[in-house]
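# Close look at the chain arrangement
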Amino acid sequence: MPKRVDHTERRTEIAEALVRVAGRRGLHAVGMRDVAAEAGVSLRLVQYYFQTKERLLLFGLEHLAQRFGERVSARVRAAGDSPGPRAMVEALLTAALPADDESRTFHHLYTSYAVLAVNDRALAAQPFIKNPDAAEDALTELLRQAGEAALLEPGVDAQLEAAGLLAMSAGLGTSILVGQRTPDSAAAVLGHHLNRVFRTSDAAN
């Protein structure tokens, strides 16, 4: 009997090939033929699964977002059995800092998608643009819960603070990519700001 093909696995393998080659060459320079060569499959097979480069890019971004979620979850687990609100916030903010090869690739490609979307209406209209909104909503909820537990400094607006923290994390990530600062110094900046948001007596929570 012919071997049964796992189409989900095959699509994931192609997406991972896209991530690898784009991480080396830049997203703008990657074509479907490059991805096929990286995955060790035919161009026709890549076209069979994705039809167009645009669809391949969108699936690749969804794959990146899933990996980011797994990265955040791993950091939360590493914080202990019952991590406090601050530990959860730090896990979310630091997971995207390009401190290793995987996170560098994530930050580089996610930023590249955003840049491409500026001039590509089809990309800009896709659901991946909502991913930053989802992160902001999650961070806002964490800060709101911390506020209700009296863990934040008085007057902190959870939604405004979440937006600012995410923007800071993204900017720090870019500064690491271009060599302006190290991952440790970027984490120190985030920690300094969180010390101004969370009550000092609860800094370890």
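Scroll up for the structure.
Residues numbered from 1 in each chain as written. Predicted model: local features only at pLDDT ≥ 70, side-chain atom pairs only at ≥ 80, totals over all residues. Heavy atoms only, no water.

So, on to the environment of E141. If you trace the backbone, E141 turns up in helix α8 (residues 131–148). Residue classification places E141 among the partly exposed residues on the basis of a relative accessible area of 30%. E141 sits 56 residues away from P85 along the chain, and the two C-alpha atoms are 9.9 Å apart. (Helix = DSSP H or I, 4+ residues; strand = E, 2+ residues; numbered from the N terminus. Buried < 20%, exposed > 50% of the residue type's maximum accessible area, 1.4 Å probe, protein only.)

So, on to the side chain of T140. Of note, T140 is situated in helix α8. On the basis of relative accessible area, T140 is assigned to the buried category, the value being 17%. When neighbours within four sequence positions are excluded, T140 is seen to be in contact with A158, Q159 and A162. (Contact = heavy atoms within 4.5 Å.)

The next point concerns the side chain of S103. Within the element layout of this structure, S103 appears in helix α6 (residues 101–119). Residue S103 is classed as buried on the basis of its relative accessible area, which comes to 1%. Polar contacts involving the side chain of S103 include one to the side chain of R71, which spans 3.4 Å. Within the structure, the side chain of S103 is placed 2.9 Å from the backbone nitrogen of A99, a separation counted as a polar contact. Aside from chain neighbours lying at most four places away, what touches S103 is R71, A95, A96, L97 and P98. (Polar contact = N/O pair within 3.5 Å; in protein donor to acceptor, adjacent residues only side chain to side chain.)

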